[in-house]
Amino acid sequence: MRKRNIIGKTTSIILAFTLCITSFTGCGKKKITEEDFAQVKQIDKNCIFKQEDFPGILGEGEKVCVLGRSGGKVVAICEAEIGDRGFKYLSFNPDGSEVNSCDFGGKKEDYITIGTFDNEGNAYLVYKEHKGGDDYSAFLEKITPTGEIAYKFDLSEEFAEDPFYFRCLEWSDKYGLLCGTEDGVKTYDEQNGLKELVDKKVMSGMGGILNMVELADNKLFINYYNKLYAQSFVIVDVDSKKVEKKLGDFQEHSYYNFFDDENGNLYAGDSYGVYKCDTGADKLVKLLDYRDSSINSDDMMSQEGFVAVNEKEIIADTVEGDSGVNTLVKLSKVNPEDVADKTVITLSGMYVDCDIASQIMKFNRSSDKYAIKILDYSEFYDDYKQCEKQFNLDITAGKAADIICFSGSEASVRKYADKGILLDLTPAFENGGPLSDIEILPNIAEMMKFNGKTYTFMPTFKISTYAVKSEYAKGKKSLTYKDCDELINSKGVDYKTAFGSYQNRTYVCSYFWMLYGDEFF
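Reference entry: report on the structure contained in this document. (Residues numbered from 1 in each chain as written. Predicted model: local features only at pLDDT ≥ 70, side-chain atom pairs only at ≥ 80, totals over all residues. Heavy atoms only, no water.)

**Notes on helix α4 (residues 384-396)**
At 3.6 residues per turn, the α-helix brings residues three or four places apart onto the same side.
At step 1: A rise of 1.5 Å per residue sets the reference length of α4, with its 13 residues, at 18 Å; its end C-alpha atoms lie 18 Å apart and thus fit the reference within 8%.
At step 2: Among the residues making up α4, those that are buried are C387, E388, F391, N392, D394 and I395. The buried residues of α4 occupy one face: seen down the axis, they fall within an arc of 160 degrees. Among the exposed residues of α4, those oriented more than 90 degrees off its buried face are K385 and K389.
At step 3: With a side-chain oxygen positioned 3.2 Å from the backbone nitrogen of K385, the residue opening α4 is D383.
At step 4: Looking one or two residues past α4, G398 carries a phi angle of roughly 80 degrees, positive in sign. (Helix = DSSP H or I, 4+ residues; strand = E, 2+ residues; numbered from the N terminus. Expected span 1.5 Å × (residues − 1). Buried < 20%, exposed > 50% of the residue type's maximum accessible area, 1.4 Å probe, protein only. Arc of directions from axis to C-beta. Polar contact = N/O pair within 3.5 Å; in protein donor to acceptor, adjacent residues only side chain to side chain.)

As structure tokens, this is what we get:
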């Protein structure tokens, strides 16, 4: 047990699975490019937003399926993940007041894929209804704000071969319900059914529509993908049925969440932040930087999206790390002059996972003196070998960050310790040291050492169980860390192969069956 919370002290910035502090003088010189180096050392005070929870709006175990805006209200369709489940319609003011909700049924195995809202608060959903086993029926439903099912259009028969034919829904003041499909944009109403509005041929190579947002003057922003899954971003003049403009300031292989505000301005969110889209100038203007704002982007991007009141106030659906608890939050812009100056400490890794990033964001929010900025090499390199090579080159060349994040397979901590690159933290944990009041389990403290010195710190760990041949166990019911170490050394193997693979027999067999099943007969 710890004597205190590690995050509570400014020297406790070592928050990762295995972290090492570099012993080079200065601030830890590290770069991928000069621009990346400059950016990771700075905080953009113009892109800081404050995250505030809306407590009590979502019930225990509820999660958001569809999030939108209607008539000055934030509206949502939610489902319960405990008990008998079921769905409910939810509305509230952007300040979190006047919360209203009503249930509209649903079974435990049912789910909703996409949805949108009209100006009167009616919800339009593609609803998957469980029929038994792996069999589902699909319906396009209209749900009123009182929870009544206004209509239920059966999609199952016509689109049985493609259960995800409908990719997105959008409400248009002029055309009504718009359906983004693999064949283009279609409208739907009870009297006329599905009707073509914009044919897929208008959009070169279109394989399916990912996002649609209605703009002014009967223009439609459309984000679609081609057969190679590269994305395009276009503005379509719905009246003339032509692409008016192709936008180029987006990354074709990135994931975006598009939304608008009550004034019709277009916004985009990606894993780095939120941008205002200037479609006239074909330019993205960053409004919110997640890392500079100490907001975990994984918590945002894994959920249903955003509702913008304006460019300074955004409602978001988020999840609280590993807990899986769904939360509605308000993101409010902070005036640049109110942003405190902090000392920036850099952290780099071949891959910085969401758990580590979440811990860092929590520390940044709690500290008024320090901020940890992350340089994740996986964001710059698609090829693993190239990423590993550059990561190792930067470390050995003295260009590492202040803190290095390792996961065991990425680099050998022992190798860097032998080269004298890593800082010995042993004095910090001894009596009188800045970390002396942190109590660490003896076995964990021993694991942190190399040649009797402490170069790493592991605030969290997971326990895995391994089987061993009885001849190696020699009658013992369990093996200590020392026993395992001696066994590995005696057999002349390394740590990477000593305990086998993370993949079990079932996984390996299923993999071969899927790819090479026809060769077994």
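Here the narrative resumes, following the displayed structure.
**Quick notes on the pattern of salt bridges**
At step 1: By the definition in use, this model includes 19 salt bridges.
At step 2: Of the charged contacts in the structure, one is a salt bridge between K73 and E98, with a shortest N-O distance of 3.2 Å. Of this pair, K73 sits in strand β4 (residues 73-80) while E98 sits in the loop between β5 (87-92) and β6 (100-103), and the two are 25 residues apart along the sequence.
At step 3: A salt bridge links K219 to E244, with the nearest nitrogen and oxygen atoms 3.6 Å apart. Of this pair, K219 sits in strand β16 (residues 219-225) while E244 sits in strand β18 (residues 242-246), placing them 25 residues apart in sequence.
At step 4: For E244, a relative accessible area of 48% puts it in the partly exposed group.
At step 5: Residues joined by salt bridges that share partners form a network here, namely E129, E141 and K152. (Salt bridge = Lys/Arg side-chain N within 4 Å of Asp/Glu carboxyl O.)

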